[in-house]
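This is what each chain is made of:
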Amino acid sequence: MDSSSDPVTITPCPDGPLLVRGDFTVLTAPGREETATDRRVVALCRCGKTGIPPLCDGSHRAVGFRAPAPPATAEPPPGDG
Ligand code: FES
């Protein structure tokens with residue numbers, strides 16, 4: 001199986017980064033590629049305190065970042081039901 005066709009998934013870590021898995025490219029600015037994208041998994045900061053944006057450097061722990069709680073029930077996307 002060709003792993004490059006795997007779907008990209010984004011998983012929020014509780015009170016931490018977004019884990020992006022799959023075949024993707026991170027653009028830090030229009031037309032500019034982030035050099036760490038040769039990896040199949042990266043952690044994107046969502047606390048805003050990282051020293052290596054857009055990647056997570058673990059600073060979320062030091063600042064006590066708390067992610068918003070997900071919805072109690074998942075609503076189907078519009079037009080999906
Ligand atoms: S989420 Fe880890 S440093 Fe921001």
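Residues numbered from 1 in each chain as written. Predicted model: local features only at pLDDT ≥ 70, side-chain atom pairs only at ≥ 80, totals over all residues. Heavy atoms only, no water.

*Asks:* I'd love a proper account of the pattern of salt bridges, names of residues and values included.
*Replies:* This model, assessed by the stated rule, comprises 1 salt bridge. Here R66 makes a salt bridge to D15, at a shortest N to O gap of 3.4 Å. A residue pair is termed long-range when its members are at least 10 positions apart, and R66 in the segment after α1 (59-63) and D15 in the loop between β1 (9-12) and β2 (18-21) qualify at 51 residues. Relative accessible area serves as the criterion here: at 61%, R66 is assigned to the exposed category. Classification of D15 as partly exposed rests on a relative accessible area of 27%. (Salt bridge = Lys/Arg side-chain N within 4 Å of Asp/Glu carboxyl O. Helix = DSSP H or I, 4+ residues; strand = E, 2+ residues; numbered from the N terminus. Buried < 20%, exposed > 50% of the residue type's maximum accessible area, 1.4 Å probe, protein only.)

*Asks:* So what's going on with the pairing of β2? Which residues, and what values?
*Replies:* Where β1 and β2 come together, 4 bridges link them in antiparallel fashion. Bridged to P12 within β2 is L18. Hairpin geometry of β1 and β2 is characterised by an intervening segment of 5 residues between the two adjacent antiparallel strands and by a positive phi of about 55 degrees at D15. Looking at chain direction, β2 and strand β5 (residues 41-44) are connected through 4 bridges and run antiparallel. The residue bridging R21 from the neighbouring strand is V41, located in β5. (Pairing = 2+ DSSP bridges.)

Purely geometric stuff here, so don't read any function into it on its own.
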